[in-house]
Amino acid sequence: MSDSSRGSGGPEPNASPLNASPPNGSEPADAGEYAATAGADPGTWLHDLVATLLPPMRSITGDGVRTTLATVARALGPEPALTVHEVPSGTPVLDWTVPREWNVASARLTGPDGKTVVDAADNPLHLLGYSTPVRARLSLDELRPHLFSMPDRPDWVPYRTSYYTENWGFCLTDRQLAALPDGEYDVEIDTTLTAGSLTYGEIVLPGTTDDEFLITTHTCHPAMANDNCSGIATATLLARTLAGLPRRHTFRLLFIPGTIGSITWLARNRDTVGRIRHGLVLTGLGDRSDPTYKRSRRGNAAVDRAAAAALAETGRPHRVVDFSPYGYDERQFCSPGFDLPVGRFGRGQHGDYPQYHTSADDLDFVTPQSLADSFAILLRTIDICERDRIWRNTTPYGEPQLGRRGLYRAIGATMNRQAIEMGLLWVLNLADGTRSLLDIADRADLPFDTVAAAADALAGVDLLSDVTSSDVTSAAPAGARR
Amino acid sequence: MSDSSRGSGGPEPNASPLNASPPNGSEPADAGEYAATAGADPGTWLHDLVATLLPPMRSITGDGVRTTLATVARALGPEPALTVHEVPSGTPVLDWTVPREWNVASARLTGPDGKTVVDAADNPLHLLGYSTPVRARLSLDELRPHLFSMPDRPDWVPYRTSYYTENWGFCLTDRQLAALPDGEYDVEIDTTLTAGSLTYGEIVLPGTTDDEFLITTHTCHPAMANDNCSGIATATLLARTLAGLPRRHTFRLLFIPGTIGSITWLARNRDTVGRIRHGLVLTGLGDRSDPTYKRSRRGNAAVDRAAAAALAETGRPHRVVDFSPYGYDERQFCSPGFDLPVGRFGRGQHGDYPQYHTSADDLDFVTPQSLADSFAILLRTIDICERDRIWRNTTPYGEPQLGRRGLYRAIGATMNRQAIEMGLLWVLNLADGTRSLLDIADRADLPFDTVAAAADALAGVDLLSDVTSSDVTSAAPAGARR
Amino acid sequence: MSDSSRGSGGPEPNASPLNASPPNGSEPADAGEYAATAGADPGTWLHDLVATLLPPMRSITGDGVRTTLATVARALGPEPALTVHEVPSGTPVLDWTVPREWNVASARLTGPDGKTVVDAADNPLHLLGYSTPVRARLSLDELRPHLFSMPDRPDWVPYRTSYYTENWGFCLTDRQLAALPDGEYDVEIDTTLTAGSLTYGEIVLPGTTDDEFLITTHTCHPAMANDNCSGIATATLLARTLAGLPRRHTFRLLFIPGTIGSITWLARNRDTVGRIRHGLVLTGLGDRSDPTYKRSRRGNAAVDRAAAAALAETGRPHRVVDFSPYGYDERQFCSPGFDLPVGRFGRGQHGDYPQYHTSADDLDFVTPQSLADSFAILLRTIDICERDRIWRNTTPYGEPQLGRRGLYRAIGATMNRQAIEMGLLWVLNLADGTRSLLDIADRADLPFDTVAAAADALAGVDLLSDVTSSDVTSAAPAGARR
C-alpha cells in the first residue's frame with residue numbers, strides 16, 4: 001500500500017473496500033446524480049483495493065484468478081452477488097479451445113553460489129506465465145534463452161507469458177542478468193498444467209428493461225497496479241454503486257481473463273449478446289495520463305457519444321480515439337460477427353507508457369486522484385446512457401401551447417429560464433422518433449442535462465412518448481420510472 | 001411619414017403604394033428577369049407603405065388587423081385580390097384555441113396633476129397588448145406593477161403583451177417613469193375582450209402547377225417599422241409584382257398574426273400544406289444590417305439553396321444561419337409534424353439590435369435602400385426557385401452532337417461562348433433525373449443562370465425532358481412555358 | 001527521331017519498339033511486381049515509338065489511321081493481336097453518324113513568285129483537317145479566311161480541323177503569314193471525302209474473369225508527340241507488358257479516333273460495356289509536368305482510388321482532379337447513360353500548356369523520363385486494381401487464433417512483423433463482405449501492399465473467402481490464382 005499517495009490521514013475504517021458497507025452511503029442516489037454519490041473518497045477506496053489485489057500470482061487460469069474473484073466478492077459485500085463460472089479445459093470456444101489450467105506452487109532460480117537469483121514468491125512477474133514444470137541444473141549459457149530482461153530499462157522486470165507455446169523461463173532486471181556469474185544454476189519450477197478450468201466472475205444487476213450495459217475487465221495480469229488491478233477495482237466499485245441506484249438497463253459486469261476470457265464468454269452467451277446496447281472495457285484507469293476513450297468499431301454508438309460527452313464536460317485534456325483491432329477485449333466484442341457497441345475506457349494506452357507490462361507498473365504508478373477521476377467519468381457516461389432516449393413529440397403539428405402546462409415550474413430553478421426554454425423547443429422540434437437525446441443535444445449545441453431535463457418535463461405532461469427500441473417498460477408513464 | 005428619408009423631391013404621385021397602378025409598369029416581365037422589373041424605385045414605394053402601415057393600434061386580433069389588411073388591399077390595387085378570413089374565437093386550432101378578440105377604444109393614464117402621463121392614441125405601444133378593461137384610481141405604488149419601462153434605454157418605450165394571462169398595463173420611457181410624482185393616478189383602459197374572431201389575409205396567385213410557394217408575414221405588431229411593417233409592405237409589393245409575371249408555382253401570400261395566426265392557418269389547411277414546395281417568412285426587412293437567411297428545418301431545401309445563392313450573388317456581406325426552433329412563424333411551419341421547406345428572410349434578427357421591440361424601431365430605423373435590397377434578393381430567390389427543375393437528358397448515351405442543333409445561336413450573345421459550352425456539357429452530363437439545376441450549378445461551380453440558360457436551350461431542342469416532381473403541366477413542351 | 005533526348009549511346013537493337021522481342025525479357029513477371037518488370041528502359045522504348053508514330057498525316061478516318069495501327073501492330077510483335085475494325089461511313093452511332101472517310105494525296109499553297117508557301121508533306125499540321133478538295137487561284141485577300149496562325153506564338157503552326165462543317169484551309173506560322181506578299185496564290189488541295197470507313201484498333205487480353213479493364217487512347221491527332229503519340233505508344237507497351245503477365249481482369253485496349261471513335265465503339269458494344277470494372281483514357285503522357293489523374297464521373301470508383309494511391313506512393317508532386325464533362329473520351333464513357341468507371345491519366349492537361357495543339361508539341365516536348373514515369377504509375381494503378389478484392393472473414397465471431405496457423409511464416413520476411421500483424425488484424429476485422437482492400441487500407445491507414453499481403457495470407461489458410469462481385473473463378477481457392 002502506498003500511504004504517501006493517499007495523504008497523511010489514511011483511510012477511514014468504513015472506507016475500506018473489504019468492509020461491506022457501501023462507500024456511497026445508504027441512500028440510493030437518483031440516477032441523474034450518479035457522479036455526486038460515489039462515496040466521499042472513491043479514489044482512496046479504489047487505491048486500497050488495488051493494493052489488496054496486487055500481490056497474488058495470476059494468469060488466464062488457475063487459483064490466482066479464484067483468489068482475485070474472492071477479493072472482489074469481499075469488496076462487494078453481501079450485495080450484489082458475484083457468480084463464479086468454471087469452464088473445463090478443452091471446451092471449444094469460437095475458434096479457440098479453453099487451455100489447460102496452470103497453477104504455481106513455487107518457482108525459484110538458484111545461482112552457483114546457492115543464493116536465490118529470483119523467486120516468484122517475491123514477485124509473480126519473475127516467472128514466465130504458463131511456464132511448464134522444470135527441475136534442472138543448467139549452465140548460464142544453457143539458461144540464457146530462458147531469461148528475459150529489458151536492456152533499455154535495466155532496473156525493471158518485464159512481464160512475459162507463453163500461453164500457447166510450451167516454454168519456461170524467468171524474468172529479471174537487466175542489471176541482475178548482467179551480473180550473473182558463470183556456473184551451474186538450479187531451476188526449480190513447480191507448476192502444473194492440467195485439465196482444469198478457466199475461471200471468470202459475472203455480476204448481473206437487473207434493470208427495468210432487458211437492454212444490457214456490459215462492463216468488462218481483465219483479471220489475468222499479475223502484480224501490475226494499472227494493468228489491471230485498477231480495472232478490477234473500478235469494476236467492483238461500479239457494481240457496488242450501480243447496485244444501489246435505479247437502473248433502466250440491466251448491467252452485466254465481467255471479470256475475465258484477457259482474450260480467451262471474452263472469447264469464452266461470447267461463445268457461451270452467443271444467443272443473448274444482441275441485448276447489449278452499450279459496453280465498456282476497463283483497463284489502466286489509475287495512471288497519471290489523460291483519460292482516454294477508444295470508440296467501438298461502430299464509431300458512433302450511443303456509448304461512444306456518451307463517453308465523448310462525459311469527457312468533454314470535464315473541461316480537461318482527454319483523448320477520444322478511433323477503434324482499431326489492437327488492444328484488449330474490445331477486439332473480441334468488436335469482431336465483425338458480433339460488432340457490439342463496446343468501447344474501451346482508461347488512461348494511458350498500451351505502449352504509451354514505458355511502465356507498461358513491467359514491474360514499474362506498481363502502486364506508486366496509480367493514484368487515488370486518477371482512479372477517482374476515471375470512476376467519475378465512467379459514472380457520468382453510464383448516467384448519460386441511462387437517460388438517453390428516443391422520444392416522439394405527441395403534438396408535432398405546430399408548437400404545443402407550453403404556457404398553460406406549467407412546464408417552467410416542473411423544471412425548477414436549477415437552470416436558467418432561457419436554457420430551459422431552448423431545451424423545450426429543441427426537444428419538441430427534433431423528437432420525431434428517430435433522434436436520441438444525444439442527437440438532439442448535439443444539434444442544439446446544448447448540454448445533455450438541459451436536453452434531458454427538458455425531455456423529462458415534456459414527458460411529464462405527456463408531450464413526449466418514449467419510442468426507445470426494445471424498452472420493455474415503455475408502456476409505463478415515463479415519469480414513474482425516475 | 002418620414003420625408004427626410006425619401007429625399008427632398010418626395011414621391012411621384014403614381015409611385016405611391018396606395019395608387020393602383022403597378023410600380024413596375026404595365027408590361028409583364030419575363031420570369032427570368034424579376035429582379036430588373038420591380039419598379040423604378042421600390043425602396044421608396046416600400047418605405048411609403050411602411051409609413052402608412054405604422055400608426056394604427058394592432059394586435060393578434062381586432063380592428064387594427066382589419067385596418068391593416070384594408071391598407072394592404074388598397075396598395076395592391078384592383079389585382080391581385082386579398083381575401084380576408086375571420087376565424088371565430090374559441091375555434092380549436094391544433095394544440096391552441098383562437099383567443100377572444102381584443103379592441104381598444106382608448107387607453108389613458110392620468111397623473112395626480114390631471115395631466116396625461118401616456119395615451120395609446122399617441123403611440124399604441126403605451127398600452128400593454130391585450131390589456132383588460134380597467135377604470136380605477138390608484139396610488140403610484142399600486143400602479144407600479146402595471147408600468148413597464150427599459151432602465152437601460154431610458155428614452156424608449158418597450159413593446160409588451162399579455163395574450164394568455166389576463167393583465168393590464170402601460171409602457172413608457174424609464175425617464176418618464178422615474179419622474180412620476182407620488183399621488184393618485186387615473187387608469188382609463190377602455191378595451192373589450194369578447195367572442196369575436198381572428199382576422200388574416202390571403203392572396204393566391206395561380207401558377208401553371210399546383211406546387212406552391214408560400215410567403216408569410218406577421219401583422220400583429222403595432223407601431224414598429226421594421227418589425228413588422230417592413231414585412232407587410234414587402235409581401236404586398238411581392239404580390240403586386242408576381243401578379244404581373246408568368247408563374248410556374250402557385251404563390252400564396254399570408255398576412256397573419258404571429259404564432260396563433262400560422263397555427264390557425266395550418267389547422268385550416270392541414271390537408272393541402274403538402275403542396276408547399278418552398279416558403280419564406282418575411283420579418284424585419286428594412287433595417288441597416290446585412291441581409292440574413294435562416295434555413296428551414298430541412299436545412300438543404302431548394303429554397304434554402306436558392307436564398308443562399310441569391311445572397312452570394314450580391315457579393316456583399318450577408319448571413320445564412322441554421323434553423324433553430326426560436327424566432328417567428330417558421331417555428332410553426334417547421335414543427336416536426338409539418339416540416340415544411342420554409343425559411344425566413346430579413347436583416348437584423350430579433351435580439352440582434354437594441355431597437356428590437358421598442359419605440360426606437362421607427363420610420364428612421366428602416367431605409368428605402370435596405371427595403372429595396374431585401375426586395376431584390378427575395379425576387380432573385382423566387383426567380384431561382386421558379387427556374388430550378390429536375391431534367392433528364394433524353395440522349396444520355398454518349399454526348400449528343402451539339403453542333404448540328406444550333407444551340408449556340410439559341411442561347412444568344414449575352415454570355416461568353418465558353419461558359420455556355422460548359423453549361424451545356426454539365427447539364428447534359430448531370431441531368432439524370434435525380435439532380436436539380438441548383439445541384440448541377442453547385443457541382444459545376446457555374447452561376448445558376450448559366451446552367452438554367454443551358455437547360456432551357458437543351459430543352460428547346462428536346463435534349464432534355466422535365467421530370468420535376470408533381471409538375472402538372474410536365475407533358476407540355478418545356479419551351480412553351482417560358 | 002530525337003537522338004538528343006535519348007543520350008549519346010542510342011538504343012540497343014533489341015530495345016526498338018519495332019522489334020518483336022518484349023522489352024521486359026521473356027519471363028512473365030508476377031502480377032504484384034508489374035512496375036519492376038517493364039523492361040530495362042521503357043522510357044527510351046516509348047520515346048522511339050513516339051518518334052515513329054509522329055510523321056504520318058492522321059485524322060479521325062483515313063489511311064493515316066491505318067498506317068498508325070500498322071506501326072502499333074509491328075511494335076506489339078507477334079503477340080498480342082491487334083484487331084483492326086472498319087465501320088462504314090453513314091453508320092448511325094448513338095446520336096452521331098460515322099462521317100465520310102478523308103484521305104490526302106497532297107496539299108500545297110504556292111505564292112505569287114511560284115515558291116511553295118506551305119506543303120502538307122513537310123508537316124501534316126499545315127492542312128486544315130478534313131479540308132475539302134480545292135484547286136484555285138486566289139488573291140491574298142480571298143485566301144486570308146482560309147489561313148490560320150497564332151499571333152501570340154508567331155513561330156508555331158496551330159492544329160485546326162473542320163470535321164462537321166465543310167471548309168478548307170492552311171495553317172502556318174504567324175511570322176510567315178505576316179510576310180506574305182500581295183498577288184495570286186495557287187491552292188492545290190488534293191483530298192478525297194468519300195464513303196469509306198472509320199478505322200480503329202482493339203486488343204483483348206483475356207483474364208481469369210470476364211471483368212474488364214478498359215484502356216483507350218485517341219489516334220486521330222497528327223504530328224504531335226504528346227497529344228497523342230505518347231498515348232498510342234504507352235497503350236502499346238501496356239498491351240505488350242500485360243500480355244506477359246497473369247491477369248484477373250480481361251484487358252481491352254482501344255486505339256480510336258477522339259469522340260467519334262469512342263462513340264462508335266460504345267454504340268457497337270453497348271450490351272457488354274457493363275463488364276467494364278475499371279477504365280483509363282490515356283492522353284499526353286510524355287511532357288514534363290506532374291502526373292495527373294482525372295477521376296471518373298463516379299468520383300470514388302476503384303480505379304479512381306487506385307490511381308490516387310499509386311500517385312501518392314510516388315511521394316512526388318501530382319494532381320488528382322475531379323471529373324468534368326470537358327476533355328477527351330472520358331466524356332463519352334462517363335456520359336450519364338453509360339456512367340462507366342473510367343478516369344483519365346496523363347500529365348499536362350489540355351489548355352495547361354501553350355504547346356497544346358501546335359507544332360511545338362514535338363519530340364523535344366516529350367521525354368523518356370516522363371514517359372517511363374507515366375508508364376510505371378499506370379502499371380501500379382493496374383496492379384492495385386488487379387489485387388483489390390472484397391473478402392469475407394470466414395471466422396467473424398471473435399478473432400481466429402492466428403498463432404497456430406503459421407501466418408507469419410506465410411507472409412515472409414519482406415515486411416516488418418508489426419505491420420504484418422496490424423494488416424492481419426485489420427483485414428480480419430473489416431473483411432465483412434462489403435469493404436474492398438482499398439477501403440480497408442484507407443480505414444487502417446496502411447499501405448495497400450500490406451493489406452493485400454495480409455489478405456493473401458489469410459485466404460491461404462481459409463480465413464477469408466472471396467466475394468468480389470462477378471468473379472467467375474471465385475469458387476477456386478484464392479491462393480491458386482496468384
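Throughout this document, residue positions are counted from 1 along each chain, in the order its sequence is written. Starting at A for chains and at 1 for ligands, labels are handed out in the order in which the entities are written. Predicted model: local features are reported for residues with pLDDT of at least 70 only, side-chain atom pairs are reported and counted for 80 or more only, and whole-chain, interface and lining totals are derived from all residues. Each side-chain value is worked out from all heavy atoms of the structure, with water and hydrogens disregarded.

1. A closer look at the overall build of chain A
Now for step 1: Segments assigned H or I by DSSP are reported as helices when at least four residues long, segments assigned E as strands when at least two residues long, and all are numbered from the N terminus. For chain A, the count of helices and strands is 13 helices and 19 strands.
Now for step 2: Exposure is judged per residue with a 1.4 Å probe applied to protein chains only, and the accessible area is read against the type maximum: over 50% gives exposed, under 20% gives buried, and values in between give partly exposed. Sorting the 482 residues of chain A into buried and exposed places 59% on the buried side.
Now for step 3: Taken as a whole, chain A presents about 18,000 Å² of accessible surface, with 48% of it coming from carbon and sulfur. To be clear on the numbers: accessible area is Shrake-Rupley with a 1.4 Å probe, and residue cover counts the displayed protein chains and nothing else.

2. Here's the deal with the sheet that holds strand β5 (residues 116-119) of chain C
Residue and element names in this part refer to chain C.
Now for step 1: Between any two strands, at least two bridges found by DSSP are needed for them to pair. Spatial ordering of the open sheet is given by β5-β4-β9-β6, a layout of four strands whose pairing is antiparallel. Across the chains shown, the open sheet's two edge strands, defined by having one partner strand only, are β5 and β6 (134-139). Averaged over all pairs of adjacent strands, the angle between strand axes in this sheet comes to 15 degrees, irrespective of strand direction.
Now for step 2: Two strands pair when backbone bridges link them, and strand β4 (residues 101-110) and β5 are joined in this way by three bridges, in the antiparallel orientation. By the bridge assignment, Arg108 is partnered in β5 with Asp119. Interaxial angle, 0 to 180 degrees, is taken between N-to-C directions of lines fitted to C-alpha atoms, where a helix line uses only the stretch in contact.

3. Some remarks on the pattern of salt bridges
Now for step 1: Within this document, salt bridges are pairs made up of a side-chain nitrogen of Lys or Arg and a carboxyl oxygen of Asp or Glu, the two lying within 4 Å of each other. If you walk through the whole model with that rule in mind, you get 99 salt bridges over all chains.
Now for step 2: Between B:Arg344 and B:Glu330 there is a salt bridge whose closest N-O contact spans 2.7 Å. In this pair, B:Arg344 sits in strand β16 (residues 342-346) while B:Glu330 sits in helix α8 (residues 330-333), placing the two residues 14 residues apart along the sequence.
Now for step 3: With relative accessibility at 5%, the residue B:Arg344 sits in the buried group.
Now for step 4: Three or more residues joined by partner-sharing salt bridges are found here, namely A:Glu313, A:Arg380, A:Asp383, A:Arg387 and A:Asp449.

4. Side note on the relation of the copies chain A and chain C
Now for step 1: When chain A is fitted onto chain C, the two copies agree to an RMSD of 0.1 Å after a turn of 120 degrees and an axial shift of 0.0 Å. The relationship between the two copies is best expressed as a three-fold rotation axis. Residue A:Asn300, judged by its C-alpha, is the member of chain A lying nearest the rotation axis, at 14 Å. Our superposition of the copies is a least-squares fit, built on the C-alpha atoms of residues whose pLDDT is at least 70 in both.

5. Side note on the interface of chain A and chain B
Now for step 1: Contact criterion: two residues are considered in contact whenever any of their non-hydrogen atoms come within 4.5 Å of each other. Listed per partner, the contact involves 20 residues of chain A and 19 residues of chain B.
Now for step 2: Of the roughly 1,700 Å² buried at the junction of chain A and chain B (both faces included), carbon and sulfur atoms supply 51%.
Now for step 3: Per-residue buried area on chain A facing chain B is highest for A:Tyr397, A:Glu399 and A:Asn429; these three make up 41% of the total on that side.
Now for step 4: Joining chain A to chain B, the criterion identifies four salt bridges. Using a 1.4 Å probe, buried area is obtained as the accessible area two parts lose upon being combined, added over both of them.

6. Comments concerning the UniProt feature "domain: DUF2172" (unreviewed entry) in chain A
Now for step 1: Summarizing the sequence annotation, UniProt attributes the feature "domain: DUF2172" (unreviewed entry) to residues 101-192 of chain A in the numbering used throughout.
Now for step 2: Helix makes up 10% of residues 101-192 of chain A and strand makes up 36%, while its end C-alpha atoms are separated by 8 Å. UniProt positions are given in the numbering used here, feature names are shortened, and annotations may be inferred rather than shown by experiment.

7. Looking at the UniProt feature "binding site: Zn(2+)" (unreviewed entry) in chain A
Residues and elements named next belong to chain A.
Now for step 1: Within this numbering scheme, the UniProt entry marks His221, Asp227 and His357 as carrying the feature "binding site: Zn(2+)" (unreviewed entry). Spatial clustering of the annotated residues is evident: they stretch over 137 residues in sequence, but the largest pairwise C-alpha distance comes to 8.9 Å.
Now for step 2: For His221, the position within the fold is in the loop between β11 (212-218) and α5 (225-243).
Now for step 3: In this structure His221 comes out as buried when scored by relative accessible area, which is 10%.
Now for step 4: In this structure His221 touches Arg58, Tyr159, Asp227, Asn228 and His357, once residues within four positions along its chain are discounted.
Now for step 5: Position of His357 among the secondary structure elements: in the loop between β16 (342-346) and α9 (368-387).

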